[in-house]
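As a plain string of letters, each chain reads:
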Amino acid sequence: MASWLGGLGAGLGQSLVGQVGGSLSTLTGQISSFTKDMLLEGTEEAGGAATDFSVSNSNLRDVENIHATLRSENERLRKVCNDLEEKHEAAELQIKQQSAEYRNQLQQKEVEISHLKARQNALQEQLQKVQSAAQSAQLGAAVLPSTTTSASFVPVVRHGSSNFQGDDMDFGDIIWSQQEINRLSNEVSRLESEVDHWKKSAQFSKPQGASNTDQNEIYTLQNIIRELKQNLSQEIDEHQHELSVLQDAHQRKLAEISRRHREELSEYEERIEELEDQLQKVGGAGANISSKDSLQSHTSDSTAPSLKELEDKVRSLNQKLSSAEEERNTISKELELVKTEKSQVMQEYERLKSEFSILQSSLPEEQADLKTQVEVPKDAAESQQAEVLRLQQALLDAENEIKRLKTSDQERFQKETARLQPQCDNSTHISTEGQNMEVNQLRQNLEKKQQEFNESVAEKDMLIIELEELDKQNQEATQHMIILKEQLAKQNVEAANAINQLKLDRDSEKRKTSELETVKLEMSKELEVQREKLNQCTFALNDLHMTKQHLENKIKELKEQLKTSQDCNSKNKWELVELKKQLMEREEEFSALQNELTKINQESNSSHQNVSSKEREVEMLRLNEQISENKLKNTDLEKSILDLQLQKEKLHIACEELKQQLQEANSEKNKIAFEKDTMLEALKTEKVWLESELSQTESRLLEQAHKYEQTIEELSNARNMNTTALQFEHERLVKLSQERDFEIAELKRTIEQMETDHEETKEMLTTSLAGQKQLTELIKEKEVFVEKFKTRISELEQQHESYMKDFKKTEFLKQNLEEKERSLSAMKEENNHLKEEIERLKDQQSRSPPLAEPKTLDIITELEAEITQLTVLKNNLEEEVKHNKGTLEDQSKKTAQLQQSLQEYKKEIEESKFQHEQTNTTYKQVCLEKDEEIKNLQRTIEQIKTQLHNQRQVIQPDPSDLFQETKVQTLNGENGNEKHDLSKVEIERLVKGIKEREMEIKLLNEKNISLSRQIDQLSKYDVGKLTQIIQEKNLEIQALHASVSSPPYRQDVLYLQQQLQAYAMEREQVLAVLSEKTRENSQLKTDYHKMMDIVAAKEAALKKLQEENQKLANEFENSSQDMSRETIKNLSRIIREKDIEIDALSQKCQTLLTVLQTTNMDSGSELGGINSNQFEELLQERDKLKQQVKKMEEWKQQVMTTVQNMQRESAHLQEELQRLQAQILADSENNSQLQIEYNGLIQGYEQNEKKLKTFSHELAQVQHSIGELNNTKDFILGKLDVVTPSLPVSSSTNGQPVDIPSNAVPQMLTSESKPVNEELEHIKKTLQEKDAIIRTLQENNQRLSDSMATSSEMERKGQGESDLEMKHLREKCDVLQKSLREKDLLIKSKSDQLVSLSENLTNKENENELLKQGVTNLKERTLILEMDIRKLKEENDRVIAKCQEKETEFRALQETNMQFSMMLREKEFESNSMKEKALTFEKLLKEREQGKAGELNQLLNEAKSMQEKAVTFQQERDRVMFALKQKQMETSALQNEVQHLREKEQRLNQELERLRNHLLEREDTSTREALAAEDRESKLKKKVQILEEKLLSSSTAVENASHQASMQVESLQEQLNLVTRHRDETILQLTISQDQVKQYAVSLANLQMVLEQFQQEEKAMYSAELQKHQRQTAEWKKKTEQLEGQVISLQESLEEANEALDSASRLTEQLDLKEEQIEDLKRQGEIKQEMLEDAQNKLMNLINSTEGKVDKVLMRNLFIGHFHTPKNKRHEVLRLMGSILGINKDELEQLLSEDQKGVTRWVTGWFGGGSPGSKSVPNTPLRPTHQSIFNSSFSELFVKFLETESRPTLPLPKLSVHDMKPLGATGIGKPNLSPSMNVTDPTGLGTSRRPDANPFLAPRSAAVPLITPTSLGTGGSGHLLMKPISDALPTFTPLPVAPDASAGAVLKDLLKQ
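Residues numbered from 1 in each chain as written. Predicted model: local features only at pLDDT ≥ 70, side-chain atom pairs only at ≥ 80, totals over all residues. Heavy atoms only, no water.

Q: Help me understand the overall build of the chain, please; the structure alone is not making it clear to me.
A: A tally of regular secondary structure across the chain gives 32 helices and 0 strands. Counting every position in the chain, which comprises 1953 residues, the buried fraction comes to 36%. Within the chain, counting contacts between residues at least 6 apart in sequence, those at least 24 apart form 91% of the total. With the model as given, the accessible surface of the chain reaches about 118,000 Å², and the carbon-plus-sulfur share is 55%. (Helix = DSSP H or I, 4+ residues; strand = E, 2+ residues; numbered from the N terminus. Buried < 20%, exposed > 50% of the residue type's maximum accessible area, 1.4 Å probe, protein only. Contact = heavy atoms within 4.5 Å. Areas by Shrake-Rupley, 256 points an atom, 1.4 Å probe, with all protein chains shown as cover.)

Q: Would you mind going over the packing of aromatic side chains with me for this structure?
A: Two aromatic rings, taken as a pair, are described by how far apart their centres are and by the angle between their planes. The tally for this structure, following the rule as stated, stands at 4 aromatic pairs. Where Tyr708 meets Phe742, the ring centres are 5.0 Å apart and the plane angle is 35°; that geometry is what we call tilted. Placement of Tyr708 in helix α10 (residues 613-720) and of Phe742 in helix α11 (residues 725-760) is noted, with a sequence separation of 34 residues between them. According to the relative accessible area criterion, Phe742 is buried, its value standing at 10%. Seen in terms of ring centroids, Phe785 and Phe789 are 4.6 Å apart; in terms of plane orientation they differ by 90°. Their pairing is edge-to-face. Of this pair, Phe785 and Phe789 both sit in helix α12 (residues 769-847), 4 residues apart, which is roughly one turn of that helix. Its end group placed over the ring of Phe785, Lys782 keeps NZ or CZ at 5.5 Å from the ring centre. The ring of Trp1676 has Lys1679 sitting right over it, with the charged end atom 4.5 Å from the ring centre. (Phe/Tyr/Trp six-rings, centres within 6.5 Å; stacked < 30°, edge-to-face > 60°. Lys NZ or Arg CZ within 6 Å of the ring centre and 35° of its normal.)

Q: Just checking my understanding: could you explain the pattern of salt bridges for this structure?
A: Should the charged atoms of two oppositely charged side chains come close, the side chains can pair. With the rule as written, the count across this model stands at 36 salt bridges. For the salt bridge of Glu276 with Arg78, the shortest nitrogen-to-oxygen distance reads 2.3 Å. Placement of Glu276 in helix α5 (residues 209-291) and of Arg78 in helix α2 (residues 52-137) is noted, with a sequence separation of 198 residues between them. The shortest N-O distance in the salt bridge between Glu1137 and Arg1133 comes to 3.5 Å. (Salt bridge = Lys/Arg side-chain N within 4 Å of Asp/Glu carboxyl O.)

Q: What should I look at first to understand the packing of helix α25 (residues 1752-1764) against helix α29 (residues 1834-1845) in this one?
A: Orientation of α25 relative to α29, taken along the N-to-C sense of each, is 140°, at an axis distance of 11 Å. Between α25 and α29, the interaxial angle falls into the category oblique. The element α25 and its partner α29 pack so that their crossing is right-handed. Note on element contacts: α29 touches α25 through Phe1834, Phe1838, Phe1841 and Glu1845, opposite Asn1757, Leu1758, Gly1761 and His1762. (Axes fitted to C-alpha atoms, helices over the stretch in contact; angles between N-to-C directions. Parallel < 35°, antiparallel > 145°, perpendicular 65-115°, else oblique. Left-handed = near helix turned anticlockwise from the far one by under 90°.)

Q: Can you walk me through the side chain of Gln738 in this structure?
A: Structurally, Gln738 can be placed in helix α11. By relative accessible area, Gln738 is classed as buried at 16%. A distance of 2.9 Å separates polar atoms of two side chains, one belonging to Gln738 and the other to Glu714. (Polar contact = N/O pair within 3.5 Å; in protein donor to acceptor, adjacent residues only side chain to side chain.)

Q: Please explain the environment of Gln240 as it appears in this structure.
A: Tracing the chain through its elements places Gln240 in helix α5. Overall, Gln240 belongs to the buried group, its relative accessible area being 5%. Remark: the alpha-carbon pair of Gln240 and Glu110, spanning 130 residues in sequence, is separated by 8.0 Å. Apart from residues lying up to four places away in sequence, Gln240 is in contact with Lys109, Glu110, Glu112 and Ile113.

Q: I'm lost on a positive patch on the surface in this one. Help?
A: Together, Lys503, Lys805, Lys808 and Lys809 line one region of the surface with positive charge. Here the positive patch takes 3 residues from α12, the largest share from any one element. Secondary-structure assignment places Lys808 in helix α12. Relative accessible area serves as the criterion here: at 41%, Lys808 is assigned to the partly exposed category. (Patch = residues over 30% accessible without salt bridge, like charges linked within 9 Å, V, L, I, M, F, W, Y side chains within 5 Å. Lys, Arg positive; Asp, Glu negative; His and termini not counted. Charge placed at Lys NZ, Arg CZ, Asp CG, Glu CD.)

Q: Explain the packing of helix α26 (residues 1770-1781) against α29 to me, please; I cannot follow it from the model alone.
A: When two helices pack together, their arrangement is given by the angle between their axes and by how far apart the axes lie. One way to put it is that α26 packs onto α29 with a least axis distance of 9 Å and a crossing angle of 55°. It follows from the interaxial angle that α26 and α29 lie oblique. Contacts between α26 and α29 involve Glu1772, Val1773 and Leu1776 from the first element and Phe1834, Ser1835 and Phe1838 from the second. Looking at the contact of α26 with α29 residue by residue, the class counts come to 4 nonpolar, 1 polar and 1 charged. (Nonpolar A, V, L, I, M, F, W, Y, C, P; charged D, E, K, R; others polar.)

Q: Explain the environment of Lys1196 here, please?
A: Along the chain, the position of Lys1196 falls in helix α17 (residues 1172-1282). Classification of Lys1196 by relative accessible area gives partly exposed; the value is 23%. Each C-alpha atom, one on Lys1196 and one on Phe1513, is 7.6 Å from the other, the two residues being 317 residues apart in sequence. Other than its neighbours up to four places away in sequence, Lys1196 contacts Phe1513 and Glu1516.

Q: Explain a negative patch on the surface to me, please; I cannot follow it from the model alone.
A: Among the surface-exposed residues, Glu468, Glu469, Asp471, Glu836, Glu839 and Asp843 lie close enough to one another that they form a single negatively charged patch. Put simply, the parts of the chain that give the negative patch at least two residues each are α9 (431-606) and α12. Looking at where Glu836 falls in the secondary structure, it is placed in helix α12.

Q: Help me out: how do you make sense of α26 in this one?
A: One turn of the α-helix equals 3.6 residues, which is why residues spaced by three or four share an orientation. The end-to-end C-alpha separation of α26 is 16 Å, in line with the 16 Å expected for 12 residues at 1.5 Å each. Residues of α26 that are buried include every one of Val1773, Leu1774, Leu1776, Met1777, Gly1778 and Leu1781, and no others. Gly1782 sits one or two residues past α26 and shows a positive phi near 85°. (Expected span 1.5 Å × (residues − 1).)

Q: What exactly am I supposed to notice about the side chain of Asp312 here?
A: Relative to the elements of secondary structure, Asp312 occurs in helix α6 (residues 296-374). The class for Asp312 is buried, based on a relative accessible area of 8%.

Q: Which parts of the structure should I look at to understand the confidence of the model for the chain?
A: Low pLDDT means the predicted coordinates in that region are not meant to be read closely. For the chain, the mean per-residue pLDDT works out to 76, and 74% of the residues sit at or above 70. For the chain, per-element mean pLDDT is lowest for helix α31 (residues 1875-1880), which scores 38, and highest for helix α24 (residues 1613-1746), which scores 89. Residue range residues 140-169 is modelled with pLDDT below 50. Its contacts to residues more than four positions away, or to other chains, number 41 contacts. (pLDDT = per-residue confidence, 0-100.)

Q: It is not clear to me how the environment of Ile1001 should be interpreted in this structure. Could you clarify?
A: Mapped onto the secondary structure, Ile1001 falls in helix α14 (residues 960-1045). Residue classification places Ile1001 among the buried residues on the basis of a relative accessible area of 10%. Sequence separation of Ile1001 and Gln1691 is 690 residues, and the distance between their C-alpha atoms is 9.0 Å. Beyond its immediate chain neighbours, meaning those up to four positions away, Ile1001 contacts Arg740, Val1687 and Leu1694.

Written out as structure tokens, the structure is:
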């Protein structure tokens, strides 16, 4: 049974699931295709104006086709639903039958149980009787314990029986049944022992041993039988209980499955009805489209929401499918479990049956043994009678007890007594009475059994009624569920609409955010530019402040130097005074010595005349030496005085220079202040300009906004217009033109700005590099910001998706909630119903006899168990309701958070807009600043030039300020170069963008031109073809008119009219075929466009799928790892804590054990030392552990509820499995139906071919009949020719016999009818060409000629008349031949026309085939794309498989988690057990104190019971967890099966599509072949008509001839009757064929009328639409011309812009050159500044070194030059000497104005000339160049003298490494270069800059060396003061002169001063 049931359930599930799934998949596929077609309608309308109408017609046809397919699908689905309902009803009937069988079996088992219970009671009563007998035999003291035992035994049994059905759960029932079995087995063993005991006691009490042994054996055998029966009854009870439990569970599951199946069927029916309504709506919309073109836009708008609703419904259906599949998986798992349980139960049942059969076989053997034993000898009669008396007494005692028991016990007791009585009666020979008693008892038992059977039947009827009521309630509940599901579906649709609106809002907000981001970027750029400008201003101010401080410091230093120089002057003056004093003292000494000399001379002359001359000479020599020394000293002193005077003059000069420097510093200060003011003014002007630019940009933005609003209005107007392809192009062109206008306006503005910038400052781009760099950095930052925004948007989208998922989950939970509420209401109703049944059963119990009480008790207990289960379900449902409410609240919070995040996002977007505007303004400000910086640079360059000129004239002491300024400017220049490079990059980008836009404009123009050409070509081609066809038809009509007018006879006119009608029909048919072909062309073109659009959509879908695959892969790699790790960590932590607790408890237990041991060791008096507080704490811990045990029990209940929920879900999954199987079956049925249809089409095609063959056969027969008729005509004509007999011959041969041969008569007539025969032969030849079968008729002709020869003798009289008639007939034959020739010519012309028309048709068909080939190619492309999509789907499936693997890993982790939790709970249980042990130990200690051992035992028992409970709980929990794991594994397996089924569905769908395509192709080919067959039929029919007309004409001629012949020749009537019979037969055939032809003509005329009406209507429609389209095309042409003009103007403006950009690029190149020149000038300026610094340093060194020093050689040369000059010009030499010595000009002029003598005296006196001992200074010898220049000026001589005297060289001074300053490379190499060279040569000096700090390499401010090795050998370019100094002056340094200034220039400057 179980296997049969399982197979039936599996088959049902497969059929149901396959059919429903297939129908759903086909329905969803068609809905998706319908939605795709509806969405692609907008894109299809992109063709020309000529193809719009055909596109709309094709769309209408597509919609109608889709409508038809959807209707057919709906009908098919209805059929499938009906089939499924029928199958469902059949399955329910089967289930009802099975349930009825199970109930019958249950009732039987219950009856058996009641019987066995009754037998048990009877056995107990017998036992009691035996005990009472034993008590009466023995002492009276043993009576009391037996009665107590018997009394105490019975209620226990009853209690157990009540408990047996009263437990709640299945697990509890099983455990309790096991306990009951153990208890009953113990009781049985106890009863056996008691029976043995009483038997032994009875044996001992008896006097005779043999009889006792016999009775003992009998009792033992009876006891064995009873025990076996008891065991049997117990086993049967247990197995029946298990069977009933399993059957109840199975029935519940079946009821749930059927209910869910009904609910889902109702849901699907509702869905189908909704889809049909929507389809009807769509069909109405399509009809409106076909009726009016003006309603197209309205219908498209109306279909869009319906499409959305359909998509939403499809999504909801997919979701429900997925949920149903999950439920089906769970149901299938539960079914498998139930099957396994059923198989186990059946095995146990069979085992019990086998055991029962074995026991039944053993019973008769035991009875036989009893019979053998009963045959006791008659010797023991007396002892047996005594035994009988005892037994009677025991029976009386037992009867008193039986009155208290049930009636069933009495019956069993009577049976036993009846069994005992025959034994006693055998012993007393009264066996007959016992047998009669047994028969009566058996009859009573039979009656009672019949009563029980009737009661069970009544109960069965009641149960059936109750089941029907329950079914009704279930149906009502399902209806309620259906209503609720409808409401939920409506809510779901509304929610989907709201979600779509939210998505649209999100998209609009994203656009706004992107716009705001761009604005924000621009504003941020402007802000940063302004900040940079501010920073630059602050830097400039700081630089100015620094320069001011530097100047102040320098002024302070100069003041200090002045003070030091004044101090030096004062010291020098003091030294001069001292030197003068020394001079005076020396002169006094000198005078004193002279006086002494004179005195000595006088004394020597006077007194020492006698002294020798030698001594005098020695003294003279000594004195001379002293005099020379004094002279030398004097000269030294004079030199020092001169040096001091020179130093004094130099100090005066230095003071004057310092004053000048102070004045210059003040002027520079003023200049700096003025520059500051100008800078501030420039900044203010920049600010004003920036504000004006901001206002301009705002106005521009407003203008752009107005323009955008105008474009939006235009686009809205365009949308309100008809939704045709031209309007879409118009919108696109308007957008493009407006974008181009904006771009052109922007480009013009930029070009104007560039031109103004180039006009104002050509060197502006030099300083824009730094700003550009900062802008690029800003752009990078903004790009990073944008990327952050994008990431933020993606995160928000992910959050939105997660929220959507949560929302779906909440909806699913709501649905579950409502289902649970419905089930609750149903359960409550069932509960009330059950309560009523319980009350009714109680009434029945009170009324019914006592036999039915155990059944009612069982029913009551079952009902109570169901009530408890319902309460548990109610609690679970309430908990789920609370959980769902919490999830709803969480989702509302999440939505609020989402709204907040959206608001924040909007704010950020606004901020980004503001920053973008600021960046724009800052960028413009930076440009202005750069212009001003360029101007400043130009000013600084001019200042540097002026300073260089000034430095040539005047040597400035401290140009460090300028140097700093130039450094700042060089830095600014470098930044400017960088900016310029960036601006170049931006300009190149702009140029590239403009070129790309130009290319796009050109491409669009080319596309427009090509489209217009294609339209023109198409229209011209179609019009030309139509005109050609019309002209051909007109020519044919003219020819027909001519042919109509030419023939003279009416018959020919009628024939030609018929031909005209036929040709008009042909013409109309050809026109119809042409129109159909043109339609097919247009349809194929539209299909081509559709296929292209579909291909593009497929490619886009491919890309999207690839991106989604990547996203899914990334997401699944990242997800589901953190949660598992955290859970494992938490579990490990909890386990550690529990281990610690267990360790602590174990330590406690050990301490308590040690305490107990010590207390055992010690005396009992020491027990009082333990604190009572500790015991109280232990008791509290015990209470806590009890609470924890209660919590564990609650957790067990929760687990049970979850298991039940899982079972329900498994039922759902089973249903879904069945649905999918039903779908697969439906798909297979569809495939079979399609194959059948295909076979039918093929058969139809073959039948058509057969019909064509039959038509051809009929044509051949008609031709054959026509040939026969022609033969008969010829024969008749020949006969008429032959009938010309010669009367004289006949008269001459009257006497001869009649036996003349047949050949004789024609031989006689040959001479007369030769010309007639020749004509007939000619006619025969002409007719033989067309006819083929003449021979048969010739034979007939011969026979007729024979008959005519026999009859010619009788008819010779009318030969003359016949000759005349023959002449008439010949003339008629000639006329007929002429008419035949004319007809042949007409037929040839018409056949030629037909051939030309057929060629045109073949050409059209070839074109159609080419287009179809293109369509097939596109289909192949779509198939390839579909293959790619499948590949991507496979990849997606792989990703999903990976996800499933991840999920399996996650499940494994969950299982490990569960294992950990199990371990935890085990640890907790161990800890609880340890705590309980501790409590028990504490109680032991307390009892030791109190001395109560009983309480200790109680505590120990409680602890043991708690431990046992805990163990049972653990076992139950383990079982439940194991079951849960199994169910999880089964669900995963079912999910895999579902995936396989889905893949199968996809494959079947693909095969379906392929078969459909094949069918369509076959249909196309069959239609083509049918058309060809129709053409052939029409041709053949025309031929038949021609031949019939010929037949008519010939038949009329034959009839006329036959009538005349019959009138004239009566003798030939008999023979002619035969001919007329043949003719009548042919005429009948002809009339039949003519009737058919008429019918055909009537049908053709009707068809022509219908076609003409249809063509007229179509022509009217086409003309109206053509006029509309022509107007539209004229308007569009105007617009296109305007747009082309705009495009031309745009191109011109673009060319101008390109020219301006080229000029800008040239300007940038010139600016680059200028920048390079400026850099070179800056470098040269730096070199000059370094030279200046060197010169300044040298000047300072010279000033420091030359103070107070005079050159001897110079003074000597000056002195000698004074005497060499002529007397007129000596005052110039004196002036020069005075200027060198530092004498003022005024003093010199005063001295010179005095007498020259005074001067010469002063000079001669000053130099000591006039003294007797003086010697003249030796003159320097003159060079040969100086000999002839005495007449020249002193200054020239002096200059030349200095040039000649500045030749001598000195060795280089040796310096230490520490004193050496590093020399720069600039001043060593080229000191003699002129400044012009430096200016012109940009790559000369300053190019080699070395950054390394070598001590031997000088920086820029290094001094020029005093002695240059290169300049030593060059000659007189250097000045004397710059040459090396002589050894005489060790610390003398030359004058500070620039190294590149010539000596002559310097001396001239000195002279000018």
